[in-house]
Amino acid sequence: MKPARTLTFKCAKCAKPVTVYLQKVSACSHIQPYQGICACGEVKRHATGNADAVASYLASSDGNWNHHH
């Protein structure tokens, strides 16, 4: 099953819906990272997959995260 290309969440700052897009940063199957920016400027990040990989992605503050084996 392929991951969804977009997901929609409620913004933590303004509560408007924000669409996040599947990122191409990870070539491995452990994680599908998503990122989007709300109309208010708040960056929303989400990921599905391996719990450790997801945690490290969400904890990274820059957009240059990649999963190392």
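Before any of the text, the structure's been laid out above.
Residues numbered from 1 in each chain as written. Predicted model: local features only at pLDDT ≥ 70, side-chain atom pairs only at ≥ 80, totals over all residues. Heavy atoms only, no water.

Chemist: Got a sec to walk through the packing of aromatic side chains? Specific residues and values, please.
Modeler: Per the counting criterion, the structure on display carries zero aromatic pairs. Across the ring face of Phe 9, the terminal group of Lys 44 is positioned such that the distance to the ring centre comes to 4.9 Å. Lying over the aromatic face of Tyr 57, Arg 45 brings its terminal NZ or CZ to 4.6 Å of the ring centre. (Phe/Tyr/Trp six-rings, centres within 6.5 Å; stacked < 30°, edge-to-face > 60°. Lys NZ or Arg CZ within 6 Å of the ring centre and 35° of its normal.)

Chemist: Help me get a handle on the pairing of strand S4 (residues 43–49), residues and values and all.
Modeler: Bridge analysis of strand S3 (residues 31–37) against S4 gives seven bridges, and the strand direction is antiparallel. Bridged to Pro 33 within S4 is Ala 47. In this antiparallel pair of consecutive strands, S3 and S4, the connection spans five residues, and Gly 41 shows a positive phi of 100°. (Pairing = 2+ DSSP bridges. Helix = DSSP H or I, 4+ residues; strand = E, 2+ residues; numbered from the N terminus.)

Without other data, these values stay purely geometric and don't point to any function.
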